[in-house]
Amino acid sequence: MFTIKNLTYRYPTNKTDTLNGLNFKIQPGEILGLLGPSGVGKSTTQNILIKLLDDYRGEITYRDRPLNDYGSEYYQEIGVGFERPVHFGKLTADENLKFFKKLYTTTADTDQLLKRLGLYQDRHKKVGEYSRGMKVRLNFVRALLNKPEMLFLDEPTAGLDPKNSRIIKDMIQEFKDRGGTILLTTHLMNDVEELCDRVAFMVEGRIVEINTPKNLKLAHGQRKLQVEYSNQDSTSLKEFGLENLGQNQEFLELINNKKIITMHTQEMTMDNIFIEVTGVKDHV
Amino acid sequence: MYNFRTLLAGELQRMLKYHILTASVLVAFFWIGALHLLETGDISYFFSLIVFFDVVSMSIVMVGVTIFFEKQEGVLQSIFVSPISKDEFIFAKTTGNLLQNLITILIVYFYTLLFQNININLAGLLGAILLIGLFHSLVGFLIIYYCRDFTELLVNMAAYFLIFTIPIILEFMGVLGTLATNLLYLLPTKASAVLMEGVIGQAQTRELMLSVFYLIIGSLILGYFVRRKFKIFAARESGV
């Protein structure tokens, strides 16, 4: 979908580059997570890909054509989900959506989307009277209203209760299953693990690691199994290597003769991988 | 210009919903009240003054304030990732602004037709509103581009009025010398004032032509900068 080669960008008022030669691809039909601490260039990268910034260096192609060759018709194909509310507060949700729908040649059934997200009964309410969570859900409807093929989502579940967060994640997954492509920016590692096919970590304007969540967990974790078992009146812990575990006599003896309390492989959590890869340290 | 009509319809809908149109009608009634209190035969001159102040100030204020509130509501982000061109956005907002100017002035004009003695060129009035409104709407764009908050917006608008309008008032009061009066022709507000004098038949043809030329060329130059700086403004307001 996108091929980004040696992408470099410097804001006119800055003395240093915000992006320092990014190289990555967004494959059609995948969900790519763009992660990193604040200020590493995630928003700048997204702003360039949604054509809000255009004086970059390097090469970006979208569907094998230079991104700069696309005009406003590019926005017929993409949807952008913002973290902040992006609607007219004194207009109802319905009026907002009708206004934006008229700008597109292809549109989705927004009533259906509103129903799915539990906003249908409040569609005639002014958006200014919506709660934060309702505004987040309405942003998601806005992102989907032109039936986009490519979605840029920024914290799509931030501030939502678990039920609505689940609905949005299901809809993201369904969008992907229909062949849609997504660039997702979030700090919620559960969402990343659940949704992303690949994850790119950014540090100081560069991508320092890009891989599937599973491979990342394997690469950064230990190939060990930790077993917690009852040992007379107390509990004990023992670790075993995963290689040839089935032939490990000590392990076999333990699971055959002891009461097992818990058993966990020792792959890393995405939170810890984020901290390790991006080098985020405690604030002093 | 595929989406111009949709954008303009949106501007008009929001004028109603945000009570901008109501405010315009109230302003029109304020001007009517002021004219009603005047005890003079022909009120053409005072009417032209009202049009001058209303169109110059409201064009800048309305563009500045509407964009500021769109910025504050985050809706600019949504607009900037829609399939519209910057020309459509700028043109729709300017046209909406001009319509709002026309509504205010036409209400006052119809009052004067019915209840006062007025002698003006209506076609000239409409043309003057369009030219003065266009120029100052574009000034409004440039002012909002460089404002970080509402206070800065108000200060910059006030600065424009002080710098460009007070000399015109001083000239009206006969305080300025010949040199200063001639230098006033450098100001867009002077060109606007001359246009309004033309509407009531008090401007020389040459002076009028120069003012029309000034505002057209000035609008083209401002339009160039408004278009050029639009991308930077859009990017700044769209932190994804």
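Note that the coordinates shown come from a computational prediction; the quantities given were computed from them, not determined experimentally.

1. Overview of the overall build of chain B
Reasoning step 1: A tally of regular secondary structure across chain B gives ten helices and zero strands.
Reasoning step 2: In chain B, the succession of helices and strands from N to C terminus is α-α-α-α-α-α-α-α-α-α.
Reasoning step 3: Relative to the 2.2 N^0.38 estimate, which gives 18 Å for 240 residues, the radius of gyration of chain B is 18 Å and therefore close to what a compact globule would have.
Reasoning step 4: C-alpha atoms of chain B, sized along the principal axes, occupy 60 × 40 × 35 Å.
Reasoning step 5: Of all 240 residues assigned to chain B, the portion counted as buried reaches 52%.

2. Observations regarding the overall build of chain A
Reasoning step 1: Each helix and strand in chain A was counted, giving ten helices and 13 strands.
Reasoning step 2: Across its three principal axes, chain A shows a C-alpha extent of roughly 70 × 50 × 40 Å.
Reasoning step 3: Classification of the 284 residues of chain A by burial places 50% in the buried group.
Reasoning step 4: For chain A, restricting intrachain contacts to residue pairs at least 6 apart in sequence, the fraction spanning at least 24 positions comes to 66%.

3. Points about unusual backbone geometry
Residue and element names in this part refer to chain A.
Reasoning step 1: One non-glycine residue, D64, lies in positive phi territory at about 65°.
Reasoning step 2: Along the chain, D64 turns up in the loop between β4 (57-62) and β5 (65-66).
Reasoning step 3: Of note, the phi angle at E155 is positive, near 45°, even though the residue is not glycine.
Reasoning step 4: Structurally, E155 can be placed in the loop between β7 (150-154) and α6 (162-177).
Reasoning step 5: Among the residues examined, E155 registers a relative accessible area of 8% and is labelled buried.

4. Some points on the confidence of the model for chain A
Reasoning step 1: Here chain A shows a mean pLDDT of 89. Residues at 70 or above account for 98%.
Reasoning step 2: Least confident of the elements in chain A is helix α10 (residues 270-278) of chain A, whose mean pLDDT is 81; most confident is helix α3 (residues 93-101) of chain A, at 95.

5. Side note on the interface of chain A and chain B
Reasoning step 1: Tallying the contact residues gives 30 residues for chain A and 30 residues for chain B.
Reasoning step 2: Surface buried jointly by chain A and chain B totals about 2,800 Å² across both partners, of which 63% is contributed by carbon and sulfur atoms.
Reasoning step 3: Its largest share of buried area at the contact with chain B, chain A owes to L52(A), F88(A) and L103(A), together 23% of the area lost on that side.
Reasoning step 4: Counting every contact that joins chain A to chain B gives one salt bridge.
Reasoning step 5: Taken together, chain A and chain B are joined by seven residue pairs in polar contact (both at pLDDT 80 or more).
Reasoning step 6: When contributions to the side of chain A that touches chain B are tallied by element, the ones reaching two or more residues are α1 (42-49), α2 (74-77) and α3 of chain A.
Reasoning step 7: Grouping the amino acids of the side of chain A that touches chain B by side-chain chemistry returns 14 nonpolar, eight polar and eight charged.

6. Focus on the pairing of strand β8 (residues 181-185) of chain A
Residues and elements named next belong to chain A.
Reasoning step 1: For β8, the tally of buried residues reaches five of five residues, placing the bulk of the element in the interior.
Reasoning step 2: Both faces of β8 are covered, namely the face carrying T181, L183 and T185 and the face carrying I182 and L184.
Reasoning step 3: One ladder, built from four bridges, connects strand β3 (residues 31-35) with β8; its direction is parallel. Residue G33 lies in a different strand from β8, and its bridge partner there is L184.
Reasoning step 4: Examined bridge by bridge, β7 and β8 share five bridges and lie parallel to one another. Counterpart to D154 in the pairing with β8 is T185.
Reasoning step 5: Handedness of the crossover is the feature at issue here: the chain leaves β7, passes through α6, returns alongside β8, and the resulting connection is right-handed.

7. Regarding the sheet that holds β5(A)
Residues and elements named next belong to chain A.
Reasoning step 1: Read across the sheet, four strands follow the order β2-β1-β4-β5 without closing on themselves; strand pairing throughout is antiparallel. In this open sheet, the two strands that pair with only one neighbour each are β2 (19-26) and β5.
Reasoning step 2: Pairing geometry for β4 and β5, over two bridges, is antiparallel. Each residue of the ladder has a partner; that of T61, found in β5, is P66.
Reasoning step 3: The sheet contacts of α1 involve β1 (2-9), β2 and β4, and relative to β2 the element is tilted by about 60°.

Conventions and cut-offs
Residues numbered from 1 in each chain as written. Chains lettered and ligands numbered in written order. Predicted model: local features only at pLDDT ≥ 70, side-chain atom pairs only at ≥ 80, totals over all residues. Heavy atoms only, no water. Helix = DSSP H or I, 4+ residues; strand = E, 2+ residues; numbered from the N terminus. Rg over C-alpha atoms; globule rule 2.2 N^0.38 Å. Buried < 20%, exposed > 50% of the residue type's maximum accessible area, 1.4 Å probe, protein only. Contact = heavy atoms within 4.5 Å. pLDDT = per-residue confidence, 0-100. Buried area = accessible area lost by both parts, 1.4 Å probe. Salt bridge = Lys/Arg side-chain N within 4 Å of Asp/Glu carboxyl O. Polar contact = N/O pair within 3.5 Å; in protein donor to acceptor, adjacent residues only side chain to side chain. Nonpolar A, V, L, I, M, F, W, Y, C, P; charged D, E, K, R; others polar. Pairing = 2+ DSSP bridges. Right-handed = clockwise from strand over helix to strand, strands pointing away. Axes fitted to C-alpha atoms, helices over the stretch in contact; angles between N-to-C directions.

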